[in-house]
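What follows is the residue order along each chain.
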Amino acid sequence: MSRIQTTFEQLKSSNRTALIPYITVGDPSLESTLLIMHTLADAGCDVIELGVPFSDPSADGPVIQAASERALKNSISLKNVLSVVSSFRQNNKTTPIVLMGYLNPFEIYGYQAFVKDASAAGIDGVLIVDMPPEESDPFSGLLRAKNIDLIYLIAPTTTKKRAKMICDQASGYIYYVSLKGVTGAGNLDISEVASKVSDIKNITELPVGVGFGIKDADSAKSVGAVSDGVVIGSALVNLIYQTTQKSDNPEDIRRAVSEYIVTIREALDSLA
Amino acid sequence: MTGLPDNKGHFGQYGGRFVGETLMHALDELEETYARLKDDPDFQQEFDRDLAHYVGRPSPLYFAKRLTEEVGGAQIFLKREDLNHTGAHKVNNTIGQALLAKYMGKPRVIAETGAGQHGVATATVAARFGMQCQIYMGAEDIARQTLNVYRMKLLGAEVISVESGSRTLKDAMNEAMRDWSTNVDDTYYIIGTVAGPHPYPMLVRDFQTVIGREAKQQCLEQTGKLPDALIACVGGGSNAIGLFHPFIEDSSVKMIGVEAGGDGIETGNHAAPICAGKTGVLHGNRTYLMSDEAGQIIETHSISAGLDYPGVGPEHSLLNDMNRAEYVAINDDEALEAFHLLTRIEGIIPALESSHAIAQVCKTAKQMQKDQIVIVNLSGRGDKDIHTVAALDGIKV
């Protein structure tokens with residue numbers, strides 16, 4: 001059983017909601033990314049999504065765009081992303097790691113080479129924002145052969161027929177995009193999210209995580225009540241950025257991230 | 001080859017639909033609408049009527065006698081897209097897409113622009129159709145193209161400055177895609193070239209093929225035969241595909257696409273993805289791209305803002321791989337020289353983009369026989385570039 005599957009089954013048996021943070025690798029540095037990953041795991045996160053920096057992040061809002069630009073200034077590449085996961089795995093064998101990014105860096109790395117290196121590094125899943133199932137061949141087959149989950153997005157605009165097709169192709173979990181727009185946008189409509197998540201759960205056994213627009217304990221709690229997991233991206237990336245603007249002491253980053261995650265963990269656990 | 005793309009939008013291994021899930025439904029909807037309307041007589045009549053009476057088509061095919069004598073080879077004909085309303089071929093496409101928006105009931109249109117030509121062409125049709133219009137333009141380009149920015153504002157469009165990334169055309173396209181994802185219900189995205197996710201490369205091509213259809217007929221009328229070669233500049237490649245496409249099955253007709261060589265291919269400062277790039281995925285399609293060894297898109301350079309783009313339409317990538325068209329690069333200096341040459345000996349001021357094609361025809365025609373014919377797409381007029389050229393010549397206008 002894959003790490004992602006194990007994680008969600010354990011959560012389900014204890015009636016808890018997955019907390020899935022997203023950070024951009026290399027913002028502010030590779031060393032800090034490793035520290036933050038351990039901090040997230042220690043503070044009670046269940047799956048960690050690592051953003052692979054890309055020069056043209058056309059589905060991301062300003063916060064993650066800026067983080068990507070900062071990481072690229074540090075010359076962070078997919079190779080660095082794999083190496084930070086290898087380092088993380090030396091001390092953590094259980095927390096699933098999912099890479100989230102755009103296709104071109106993966107395509108240029110080479111699909112064969114990537115799945116080999118990703119598998120060796122201990123990566124559990126991949127979410128390529130601009131690769132819908134229709135365009136996933138041959139990457140999807142290569143990932144499947146190495147038991148790396150291919151996670152797909154479902155959006156508010158996705159028709160039921162399409163959602164079924166996506167669920168048939170996906171593994172690991174489904175990432176439901178809670179609003180029309182880019183990462184970090186506002187205006188969550190919880191009843192709309194609840195209804196869409198319930199539609200998705202009618203067509204698949206896969207757990208459904210929800211992201212885009214969740215920023216604090218309250219929004220996490222309301223989304224957590226109607227889904228299997230909440231993804232927190234822009235709010236966390238922004239917190240890391242704001243903290244590093246004030247201090248370059250790793251301990252300050254660790255404390256800020258930990259305190260923030262703990263409040264969200266507690267809010268989610270109050271649902272159980 | 002003329003039957004492409006396939007039903008998933010692929011031109012061989014190129015093209016396709018690589019976008020975030022939020023946009024997939026909108027693209028399906030656009031594809032269905034276009035499939036229904038493209039053979040609809042009412043839609044076609046409205047499009048043709050606008051091309052005739054609003055754009056001013058057909059554009060002339062002009063025998064450039066003095067340029068021909070100067071070069072001393074094949075007879076050079078210019079397809080005068082510079083004489084269209086708004087001064088370039090771009091309006092053929094924006095009229096077509098604004099009509100699609102109208103039939104789809106979308107009250108708002110958005111577009112990306114580099115030099116501002118597509119932005120102006122979009123703002124123009126938005127004014128003509130009474131649509132709300134927002135144009136995304138890189139902050140760098142806004143500073144370089146103040147005249148076109150003001151033109152767009154006069155036409156009632158809002159110009160939104162894009163501050164992310166390299167603050168140029170590719171970033172404007174990213175921002176337009178973000179806007180479309182957010183406002184997908186009421187907004188139509190008018191892409192300005194034969195790139196982007198399916199069905200854009202196909203429908204923009206279809207709207208631009210009026211150039212090649214007219215050129216073919218005009219050439220037969222004026223010379224009694226088909227041309228021997230076609231030459232057009234290639235940024236995204238819409239004017240080139242518009243000229244080339246109706247001739248693809250005519251195997252005797254050679255096709256040459258001219259990319260922006262910038263400071264020279266060897267310097268790395270250029271915008272010539274087919275000549276010097278590699279294949280990859282950007283802005284919704286797989287094609288030749290300028291990207292580094294880590295897969296990041298690299299900044300491009302060209303004297304002409306309209307060619308300053310790191311990708312190219314997927315159909316061009318296929319035409320290249322099949323050796324049906326040849327792609328070459330012309331440097332900034334050569335383009336500038338051609339700009340002056342055409343202005344002085346034909347009394348036609350070409351756009352800097354089109355000047356790349358003029359520079360190439362000077363090389364190509366020279367190698368051809370005097371009874372041979374070559375058609376150059378003069379895709380736009382150079383009024384917009386006067387300030388750039390003056391500055392390069394050290395003159396303050």
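Undergrad: I would appreciate a short explanation of the overall build of chain A in the present structure.
TA: For chain A, the helix and strand inventory stands at 12 helices and 9 strands. The C-alpha radius of gyration computed for chain A amounts to 17 Å, which stays within 12% of the reference 19 Å derived for 272 residues, consistent with globular compactness. The principal-axis extent of the C-alpha atoms belonging to chain A is close to 45 × 45 × 35 Å. A total of 272 residues make up chain A; the buried ones form 58% of that total. Taking all contacts inside chain A whose residues are at least 6 apart in sequence as the whole, residues at least 24 apart take part in 73%. As presented, chain A carries roughly 10500 Å² of accessible surface, and 49% of it is formed by carbon and sulfur atoms. Here chain A holds 24 positive side-chain charges and 31 negative ones, and the gap between their average locations is 3 Å.

Undergrad: Teacher, can you tell me more about the interface of chain B and chain A here?
TA: Put simply, an interface is often sized by how much accessible area is lost when its parts join up. Of the residues lining the interface, 38 residues belong to chain B; the matching set on chain A comes to 35 residues. Summed over both sides, the interface between chain B and chain A buries roughly 2800 Å², with carbon and sulfur atoms accounting for 49% of that surface. Considering only the side of chain B, the residues that lose the most area to chain A are Glu21, Arg178 and Gln296 of chain B, jointly responsible for 24% of the buried surface there. Between the two partners, chain B and chain A, sit 4 salt bridges. Two residues, Arg286 of chain B and Glu107 of chain A, come together in a salt bridge whose shortest N-O distance is 2.6 Å. Between chain B and chain A we count 19 residue pairs in polar contact (both at pLDDT 80 or more) in total. Looking at the side of chain B that touches chain A, the elements with two or more residues in it are strand S2 (14-18), helix H1 (21-37), helix H8 (169-182), strand S11 (278-282) and strand S12 (284-289) of chain B.

Undergrad: What is the right way to look at the nonpolar core in this model?
TA: In globular proteins that are soluble, nonpolar side chains generally tend to be buried together. Counting residues in each nonpolar core, the largest one holds 112 residues, and the members touching the most others are Tyr175 of chain A together with Leu100, Trp180, Tyr188, Tyr189, Leu243 and Phe244 of chain B. Top contributing element to this core by residue count: H1 of chain B, with 7 residues. Filtering out sequence-adjacent residues up to four positions away, Tyr188 of chain B remains in contact with Leu30, Gln97, Leu100, Ala101, Met104, Lys106, Arg108, Val109, Ile110, Trp180, Tyr200 and Leu203 of chain B.

Undergrad: Can you help me understand the environment of Ser119 of chain A in this one?
TA: All names here are of chain A. Note on placement: Ser119 falls in helix H6 (residues 111-121). Overall, Ser119 belongs to the partly exposed group, its relative accessible area being 31%. Remark: the alpha-carbon pair of Ser119 and Leu82, spanning 37 residues in sequence, is separated by 9.5 Å. Here Ser119 is in contact with Lys146 and Ile148, once residues within four sequence places are set aside.

Undergrad: Please explain a negative patch on the surface as it appears in this structure.
TA: A grouping of Asp263, Glu266, Asp333 and Glu337 of chain B is seen on the molecular surface, where their side chains present a negatively charged patch. Assignment of secondary structure puts Asp333 of chain B in helix H14 (residues 332-346).

Undergrad: Sorry if this is basic, but what is going on with the side chain of Asp27 of chain A here?
TA: Residues and elements named next belong to chain A. With respect to the element layout, Asp27 can be found in the loop between strand S1 (18-24) and helix H2 (30-42). Accessibility expressed as a relative area gives 6% for Asp27, which makes it buried. A distance of 2.8 Å separates the side chain of Asp27 from the side chain of Arg70, its partner in a polar contact. Residues within four places of Asp27 in sequence aside, it is in contact with Ser32, Thr33, Ala67, Arg70, Ala71, Val237 and Ile240.

Undergrad: I would appreciate a short explanation of the packing of aromatic side chains in the present structure.
TA: Each aromatic ring pair is specified by the distance between its two centres and by the angle formed by the two planes. Summed over all chains, the structure comprises 16 aromatic pairs over all chains. Between Phe106 of chain A and Phe114 of chain A the ring centres are 5.0 Å apart and the planes differ by 80°, which places this aromatic pair in the edge-to-face class. A relative accessible area of 0% means that Phe106 of chain A is categorised as buried. An angle of 55° between the planes, with centres 5.1 Å apart, marks the rings of Phe47 of chain B and Phe207 of chain B as tilted.

Undergrad: Looking at this model, I keep getting lost on a nonpolar patch on the surface. Mind explaining?
TA: All names here are of chain B. Together, Ile349, Ile386, Ile395 and Val397 make up an exposed nonpolar region whose accessible area comes to about 350 Å². Position of Ile395 among the secondary structure elements: in the segment after helix H16 (386-392). Residue class for Ile395 comes out exposed when judged on its relative accessible area of 52%.

What counts as what
Residues numbered from 1 in each chain as written. Chains lettered and ligands numbered in written order. Predicted model: local features only at pLDDT ≥ 70, side-chain atom pairs only at ≥ 80, totals over all residues. Heavy atoms only, no water. Helix = DSSP H or I, 4+ residues; strand = E, 2+ residues; numbered from the N terminus. Rg over C-alpha atoms; globule rule 2.2 N^0.38 Å. Buried < 20%, exposed > 50% of the residue type's maximum accessible area, 1.4 Å probe, protein only. Contact = heavy atoms within 4.5 Å. Areas by Shrake-Rupley, 256 points an atom, 1.4 Å probe, with all protein chains shown as cover. Lys, Arg positive; Asp, Glu negative; His and termini not counted. Charge placed at Lys NZ, Arg CZ, Asp CG, Glu CD. Buried area = accessible area lost by both parts, 1.4 Å probe. Salt bridge = Lys/Arg side-chain N within 4 Å of Asp/Glu carboxyl O. Polar contact = N/O pair within 3.5 Å; in protein donor to acceptor, adjacent residues only side chain to side chain. Core = buried A, V, L, I, M, F, W, Y, C linked by side-chain atoms within 4.5 Å. Patch = residues over 30% accessible without salt bridge, like charges linked within 9 Å, V, L, I, M, F, W, Y side chains within 5 Å. Phe/Tyr/Trp six-rings, centres within 6.5 Å; stacked < 30°, edge-to-face > 60°.

These figures capture arrangement, not role.
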